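# Per-entry structural report
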Amino acid sequence: MSHVIAIAGKGGVGKTTLSGMLIQRMCQTGKAPILAVDADANSNLNEVLGVDVDMTLGDVREQIERAEVSKENPIPSGMSKADYAEIMFQRCLNEDDDFDLLVMGRTQGKGCYCYVNGLLQAQMQKLLPGYKYMVVDNEAGMEHISRGILPKVDTLILVSDCSRRGVQAAGRIAELAKDCNLNPKTMGLIVNRAPGGKLNSGTLEEIEKQGLTLLGVVPHDDQVYEYDCEGKPTVELPDSSPVRVALDEIIDRLDL
């Protein structure tokens, strides 16, 4: 049985950075093969991992829509729409040495993401049996949990910054997971970007109030910001990075 790890939290707390470094650590410790899923319409997990992405599920959706309304039909003559979509879905799977990456992407222009969410759900269900682990970097908020897009969740990692609002958002996601009967074997909170790697009493009080299990604390590190500004993959941080050291310790304690 594949083990599904979902990372969730409010926007801007560093979910994608932590997701990428979690994937890297798991590969280093022999947890491959891993299916990494960027389930955020505003996708950038590939940048954290240093992987080029040629096509997303959102791109496939747009091609299929053009085939229905445009004179420039991208589907070859004699090929069904379903067969074309299947070929394109395979192109969406970006293969690396120890992990493969599937990117949801976004639709162009106006419209909701329901169709792309449906594509994502179907592809995850289909691909999951071929991997030991699936790591899903969720969009900000709770939509993928509330809509049941994830096939299952064995480990739910909630991410927050040091703010009370971030912790409260994590608490709401934890409650939603219970309401949706996800029943993860492990569910806990990682607090990211903590000054000096320490939490003040107010943050600790809110964590206790929300009934969350604290998995660990990741310190603020300007080097993460510098890597992002320079377009360097965060997974290339040196072994001495306090962010890497803290995350590696947390991940090892999870005993995945």
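Here is a short report on the structure shown in this document. Fair warning: this is a prediction, and the values are worked out from it, not measured in the lab.

### Here we look at the side chain of Lys31
As for its placement among the helices and strands, Lys31 is situated in the loop between helix H1 (15-28) and strand S2 (34-39). Buried charged residue Lys31 carries no salt bridge. Nearest counter-charge: Asp255, at 6.5 Å. In this structure Lys31 touches Met26, Lys132, Tyr133 and Leu256, once residues within four positions along its chain are discounted.

### A look at the environment of Val243
Take Val243: it is sitting in helix H10 (residues 242-254). As for Val243 and Leu18, which are separated by 225 residues in sequence, their C-alpha atoms are 9.3 Å apart. Val243 has contacts with Met21, Val218, Pro219, Asp221 and Val224, leaving out every residue within four places of it along the chain.

### Considerations on the packing of helix H7 (residues 164-179) against helix H8 (residues 201-209)
Taken N-terminus to C-terminus, the directions of H7 and H8 make an angle of 15°; their axes are 9 Å apart at the nearest point. In terms of orientation, H7 and H8 fall into the roughly parallel class. As for the relative orientation of H7 and H8, their crossing is right-handed in sense. Here H7 contributes Arg164, Val167 and Gln168 to the contact with H8, which in turn contributes Gly202, Thr203, Glu205, Glu206 and Ile207. For the contact of H7 with H8, a count of residues per class yields 2 nonpolar, 3 polar and 3 charged.

Rules and cut-offs
- Residues numbered from 1 in each chain as written.
- Predicted model: local features only at pLDDT ≥ 70, side-chain atom pairs only at ≥ 80, totals over all residues.
- Heavy atoms only, no water.
- Helix = DSSP H or I, 4+ residues; strand = E, 2+ residues; numbered from the N terminus.
- Buried < 20%, exposed > 50% of the residue type's maximum accessible area, 1.4 Å probe, protein only.
- Lys, Arg positive; Asp, Glu negative; His and termini not counted.
- Salt bridge = Lys/Arg side-chain N within 4 Å of Asp/Glu carboxyl O.
- Contact = heavy atoms within 4.5 Å.
- Axes fitted to C-alpha atoms, helices over the stretch in contact; angles between N-to-C directions.
- Parallel < 35°, antiparallel > 145°, perpendicular 65-115°, else oblique.
- Left-handed = near helix turned anticlockwise from the far one by under 90°.
- Nonpolar A, V, L, I, M, F, W, Y, C, P; charged D, E, K, R; others polar.

In short, shape yes, function no, at least from these values alone.
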